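Now for the letters of each chain:
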Amino acid sequence: MELNGKVAVVTGAGRGLGLAYAGELARAGAAVVVNDADPATAEAAAKQIVDSGGRAVAHAAAVGTSEAAESLVGRAVDEFGRLDVMVTNAGVLRDRVLWKMTDDDFDTVVRVHLKGTFTCARAAAVRFREQGEGGRLILVGSPAGQRGNFGQTNYSAAKAGIVGFARTWAMELARANVTVNAVVPVAATAMTETIPALAPYAETMRQGGEMPPFARRALAFGTPEDAAGLVAFLASDAASGVTGQAVGVGGDRLSLWTHPTQAVAAYRDGGWGADDIAAAWPTIFAEHEQGVGENLPEAPEPEPSR
């Protein structure tokens, strides 16, 4: 994949998935503005990319404000002359069940994930339209936003909203030749280590062990680098016709998520009263009720030794 001459901003790129995205974009030839809230982390990530032969600069800023977003776009333009790709990856977790979640827990996650995506995408869209040459918005979602996850009211809501952004902005920016897509990754990071079904595999990877095929396929669980190729593809000319999509990636699996659609509909002359709904629900709607949560498959039992 060739991205020579392209300039990208990757938020939250100091480590994990964001660093993998930034590194892959740089390997494909793009110049990258590496963002992190911590200056030392941003500098170390940018140095790692430069030492590997890529072009990158660090820019420390906590996303979530218009000022931070505009400074990121401005840094790209000042250093490299333009902006072609905005990857909104920055995120935090404040996991708690609903009745224990504080206003600050909720506001912090929504500010970074949802408002951070909005402000950075808006600043990039303004620049793309000024340049008049199109662009790429690559928004980072999560399976939690697609199906929900226990203890993640704030995170699930923000990630669901990000995929909603992708659908809306794909329509709004089509005439400017700007594509907008959501990436739905799964990888061994600090965020996924807290998921019980994935924690043992994350520990295996941290200790240098090999990820079993079950994890890479059934759980779509692998390294951050496994998810980075999708970002490079969406940033490239090869994806010029792909927009408004939510694309899953992880381990050995690449998938395309559906957008919400009606599972079943029924009609009644004069409309539906509560008693009418109660009578119809068991026979028409109950079998189509939708599941919630990740619903990860269980690992197969190991074969007995011989």
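Residues numbered from 1 in each chain as written. Predicted model: local features only at pLDDT ≥ 70, side-chain atom pairs only at ≥ 80, totals over all residues. Heavy atoms only, no water.

Visitor: Can you lay out the overall build of the protein chain for me, pointing to particular residues and giving the numbers?
Guide: Helix and strand counts for the protein chain come out as 10 helices and eight strands. Whereas a compact globule of 306 residues would reach a radius of gyration of roughly 19 Å, the protein chain reaches 21 Å, a difference of no more than 12%. When the backbone C-alpha atoms are referred to their principal axes, the protein chain occupies close to 65 × 65 × 40 Å. For the protein chain, the residues scored as buried account for 46% of the 306 residues in total. When the accessible surface of the protein chain is split by element, carbon and sulfur atoms take 52% of a total near 15600 Å². Charge separation in the protein chain, taken as the distance between the mean sites of 26 positive and 35 negative side-chain charges, equals 4 Å. (Helix = DSSP H or I, 4+ residues; strand = E, 2+ residues; numbered from the N terminus. Rg over C-alpha atoms; globule rule 2.2 N^0.38 Å. Buried < 20%, exposed > 50% of the residue type's maximum accessible area, 1.4 Å probe, protein only. Areas by Shrake-Rupley, 256 points an atom, 1.4 Å probe, with all protein chains shown as cover. Lys, Arg positive; Asp, Glu negative; His and termini not counted. Charge placed at Lys NZ, Arg CZ, Asp CG, Glu CD.)

Visitor: Pulling in residues and values, what's your account of the packing of aromatic side chains?
Guide: For the coordinates displayed, the defined rule picks out three aromatic pairs. Taking the centre distance of 6.5 Å and the plane angle of 45 degrees together, the rings of tyrosine 201 and phenylalanine 214 count as tilted. Here tyrosine 201, found in helix H7 (residues 199-206), pairs with phenylalanine 214, found in helix H8 (residues 213-217); they are 13 residues apart in sequence, far enough to count as distant. We note that tyrosine 201, like phenylalanine 214, is buried. (Phe/Tyr/Trp six-rings, centres within 6.5 Å; stacked < 30°, edge-to-face > 60°.)

Visitor: Just give me the short version of the pairing of strand S8 (residues 253-256), but keep the residues and values in it.
Guide: With four bridges connecting them, strand S7 (residues 246-250) and S8 associate as antiparallel partners. In the sheet register, glycine 250 faces S8, and the bridge partner there is arginine 253. The antiparallel hairpin formed by S7 and S8 contains two residues in its connecting segment, where glycine 251 sits at a positive phi of about 55 degrees. (Pairing = 2+ DSSP bridges.)

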